[in-house]
Amino acid sequence: MTRLAIIVPCYNEEAVLPETARRLLALLADLQAQGEVSDDSALYFVNDGSRDRTWPLIEELAATNPQVHGIKLSRNCGHQNALLAGLFTVPGDAVISIDADLQDDPEAMRAMLAAHRGGADVVYGVRRRRTTDTFFKRFSAEGYYWLLARLGVEIVFNHADYRLLSRRAIDVLRQYRERNIFLRGIIPKLGFDSAIVHYDRSARLAGETKYPLKKMVAFALEGVTSFSVAPLRAIMWFGLCVSVLSFAGGLWTLWERLVNNVGVPGWASTLVPMFFLGGIQLLSLGVIGEYVAKIYMESKARPRYIIDREI
Ligand code: UDP
Ligand code: MG
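Rules used in this analysis
- Residue positions within a chain follow its written sequence, with the count starting from 1.
- Labels are handed out in written order, letters beginning with A for the chains and numbers beginning with 1 for the ligands.
- In keeping with the predicted nature of the model, local features appear solely for residues at pLDDT of at least 70, side-chain atom pairs appear and are counted solely at 80 or more, and the whole-chain, interface and lining totals rest on all residues.
- Here the side-chain values reflect all heavy atoms present in the structure, with hydrogen atoms and water set aside.
- UniProt positions are given in the numbering used here, feature names are shortened, and annotations may be inferred rather than shown by experiment.
- Numbering of helices and strands runs from the N terminus; a helix is a DSSP stretch of H or I covering at least four residues, while a strand is a stretch of E covering at least two.
- Surface exposure here means Shrake-Rupley accessible area, sampled with a 1.4 Å probe, where a residue is shielded only by the protein chains that are shown.
- By the counting rule applied here, Lys and Arg register as positive and Asp and Glu as negative, while His and the ends of each chain are not counted.
- To locate a charge, take NZ of a lysine, CZ of an arginine, CG of an aspartate or CD of a glutamate.
- Residues are treated as being in contact if the distance between any of their heavy atoms lies within 4.5 Å.
- Axis angles are defined between N-to-C directions and span 0 to 180 degrees, where every axis is a line fitted to C-alpha atoms and, for a helix, only to the segment in contact.
- Note that the term roughly parallel is reserved for angles under 35 degrees, roughly antiparallel for angles over 145, roughly perpendicular for angles of 65 to 115, and oblique for everything else.
- What makes a crossing left-handed is the near helix being turned counterclockwise from the far one by less than a right angle; a clockwise turn instead makes it right-handed.
- Under the convention adopted here, Pro, Cys and the residues Ala, Val, Leu, Ile, Met, Phe, Trp and Tyr are nonpolar, Asp, Glu, Lys and Arg are charged, and Gly plus all remaining residues are polar.
- Metal donors were taken as nitrogen, oxygen and sulfur atoms no farther than 2.8 Å from the ion, or 3.2 Å where the ion is Na, K or Ca. Water is excluded, so coordination may look unfinished.
- Only protein chains enter the accessibility calculation, which uses a 1.4 Å probe; a residue is then buried when its area is under 20% of its type maximum, exposed when over 50%, and partly exposed in between.
- Here, nonpolar core refers to any group of buried Ala, Val, Leu, Ile, Met, Phe, Trp, Tyr and Cys residues whose side-chain atoms link them within 4.5 Å.

The name that an unreviewed UniProt entry assigns to the protein chain is Glycosyltransferase involved in cell wall bisynthesis, with the source organism given as Formivibrio citricus. The annotation that UniProt attaches to the protein chain under Subcellular location (unreviewed entry) is "Membrane".

Now the structure itself:
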């Protein structure tokens, strides 16, 4: 029988936590009653340095319920690192990660477990429709997945961090040592048999999103620069085109001067390319800087998360 661990990263989730725990415990009890998961299956809340009452709530839940465990990170390490902390500390044959806000339908876990029993080491939860997201989020997300695909990053469309991983898959994931981790891009690289489970995504149950625009943009950039050097290549190609064009322009100017005896008429043709190229150069430096910064951060190899306490 599968020993299941459900991990829930929580950052300032006091508003939804009691309801989330209630729903997940009910589901777990049902799965156990039906003999789908073992009796030592459990729920693990990873507190990612919350500033509200999230941790005391987890302590209360753990004190009253033997199936609830808590992992307290020493500070806010970020969603992805909170997930890693959970994945790498909990026991179990299969681990399912789910957000604390119940946007992802917990009932889909039944299908995930079925796929796991059928031999899949990785089961992706994929949202069927995005009707509950704002137009902006939907539009930017679709565009982003399209861009990643074009850049050659292997990614499962409309899959967030709701997934099942087998013990074997987690052990392989451990070998990916990068500090800045983008799980959605790494998991498909693990290989193994995988399956997809569709579910409807609802609106956040309570509280507000912990991914404001700024964090979302940083996360999106992370996804691109961690998996693709296409932006660096694009710069090279652009530079090459500009060089070829300006070389042709130079030849043409010489021809005009020497053969047709026409002088250069204006300064616009000097200033415009100057500013334009200046802009392109700064942009290129920025892109290269982004990758250099990445090398810098990775070379320090600092810990990705720090566990303060486990209960
Ligand atoms: N989260 C976290 N650390 C952070 C930010 C978010 O552990 O620094 C958790 C959060 O508590 C939630 C999950 O990551 O369980 C996804 O966050 P959220 O639902 O706010 O993101 P959205 O669904 O709006 O993209
Ligand atoms: Mg959410």
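Caption draft 1: Local environment of the overall build of the protein chain. For the protein chain, the helix and strand inventory stands at 10 helices and 8 strands. Of the accessible surface of the protein chain, which amounts to about 16400 Å², a share of 62% is contributed by carbon and sulfur atoms. Of the charged side chains in the protein chain, 36 are positive and 33 negative, and the gap between their average positions amounts to 6 Å.

Caption draft 2: Geometry of the environment of Ala 195. Here Ala 195 lies in strand 7 (residues 194-199). For the pair Ala 195 and Ser 269, spaced 74 residues apart in sequence, the C-alpha to C-alpha distance is 58 Å. Those residues in contact with Ala 195 that sit more than four places away from it in its chain are Ala 115, Ala 120, Val 122, Val 123 and Tyr 124.

Caption draft 3: Local environment of the packing of helix 1 (residues 17-33) against helix 4 (residues 108-117). Following both chains from N to C, one finds helix 1 and helix 4 inclined at 40 degrees, their axes separated by 11 Å at the closest point. When the axis of helix 1 is compared with that of helix 4, the two are oblique. As helix 1 packs across helix 4, the resulting crossing turns out to be right-handed. Residues Leu 24, Leu 27, Asp 30 and Leu 31 of helix 1 form the contact with helix 4, whose own contacting residues are Met 109, Arg 110 and Leu 113. Along the lines of polarity and charge, the residues of the contact of helix 1 with helix 4 split into 5 nonpolar, no polar and 2 charged.

Caption draft 4: Broad picture of the coordination of the magnesium ion (ligand 2). Distances from the magnesium ion (ligand 2) to its protein donors, Asp 101 (OD) and Gln 103 (OE1), fall at 1.9 Å. Using a relative accessible area of 3% as the deciding quantity, one classes Asp 101 as buried. Here Gln 103 falls in the buried class, since its relative accessible area comes to 11%.

Caption draft 5: Just the UniProt feature "transmembrane region" (unreviewed entry) in the protein chain, in detail. UniProt marks residues 235-255 and 267-293 with the feature "transmembrane region" (unreviewed entry), using the numbering shown here. Secondary structure over residues 235-255 splits into 100% helix and 0% strand, and the C-alpha atoms at its two ends are 30 Å apart.

Caption draft 6: Summary view of the environment of Ala 160. Its place among the elements puts Ala 160 in strand 6 (residues 159-166). In sequence terms Ala 160 and Asp 101 are 59 residues apart; their C-alpha atoms lie 13 Å from each other. Not counting residues up to four positions away in its chain, the partners in contact with Ala 160 are Gly 125, Arg 127 and Arg 184.

Caption draft 7: Region of the structure containing the nonpolar core. Leu 73, Leu 84, Leu 87, Leu 165, Leu 173 and Ile 187 are the most contacted members of the largest nonpolar core, which totals 40 residues. Broken down by element, the residue count for this core peaks at 6 residues, all from helix 3 (residues 79-89).

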